[in-house]
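This is what each chain is made of:
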Amino acid sequence: MPAFLPALAAAAQSGSIVTLPSRLARAFAPGFGLVLAEPPLHVRRFPISVYWHRRNDDDPKTRWLREVLADLPP
């Protein structure tokens, strides 16, 4: 799925599993009634992209969020 929260909702409704960053899992999975578990194999890191509409290029709130995300450790 293209986003994590819809993936959590789909897993909650279907009984499927979803793999996502642990920080997001800890924050949001309980709200969907999901159980957290470590994967039984190594899951490689993957890039996370941020998208916004060009009309928000100069919006101070959007710019602030992009800068905060860009400063996060890889």
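Scroll up a little and you will see the structure.
A brief report on the enclosed structure follows.

Now for the side chain of T62. As for its position among the elements, T62 is in helix α3 (residues 60–70). For T62, the residues in contact, after removing those within four places along its chain, are W52 and N56.

The tally for this structure, following the rule as stated, stands at two salt bridges. For R63, the salt bridge is made with D58, and the minimal N-O distance between the two is 3.0 Å. By relative accessible area, R63 is classed as partly exposed at 33%. D58 gets classed as exposed once you look at its relative accessible area, which sits at 61%. Salt-bridge contacts for D59 lead to K61; the nearest nitrogen and oxygen are separated by 3.9 Å.

A water-sized probe, rolled over the atoms, reveals where empty space remains. Of the voids in this model, the largest pocket is the one considered here, and its volume is about 1700 Å³. If you trace the largest pocket, you find 45 residues lining it, with F4, L20, P21, S22 and F46 closest to the centre. Taken together, the elements giving at least two residues each to the lining of the largest pocket come down to α1 (4–14) and α2 (22–28). Split by residue class, the lining of the largest pocket holds 36 nonpolar, four polar and five charged.

Relative to the assigned elements, R66 resides in helix α3. Excluding residues within four positions of it along the chain, R66 makes contact with W52, N56 and D57.

Scoring rules and cut-offs
- Residues numbered from 1 in each chain as written.
- Predicted model: local features only at pLDDT ≥ 70, side-chain atom pairs only at ≥ 80, totals over all residues.
- Heavy atoms only, no water.
- Helix = DSSP H or I, 4+ residues; strand = E, 2+ residues; numbered from the N terminus.
- Contact = heavy atoms within 4.5 Å.
- Salt bridge = Lys/Arg side-chain N within 4 Å of Asp/Glu carboxyl O.
- Buried < 20%, exposed > 50% of the residue type's maximum accessible area, 1.4 Å probe, protein only.
- 1 Å grid on protein atoms, 1.4 Å probe; cavity = no way out; pocket = protein on both sides within 12 Å on 5 of 7 lines; lining within 4 Å.
- Points joined across faces, edges and corners; volume = space filled by probe spheres on them.
- Nonpolar A, V, L, I, M, F, W, Y, C, P; charged D, E, K, R; others polar.

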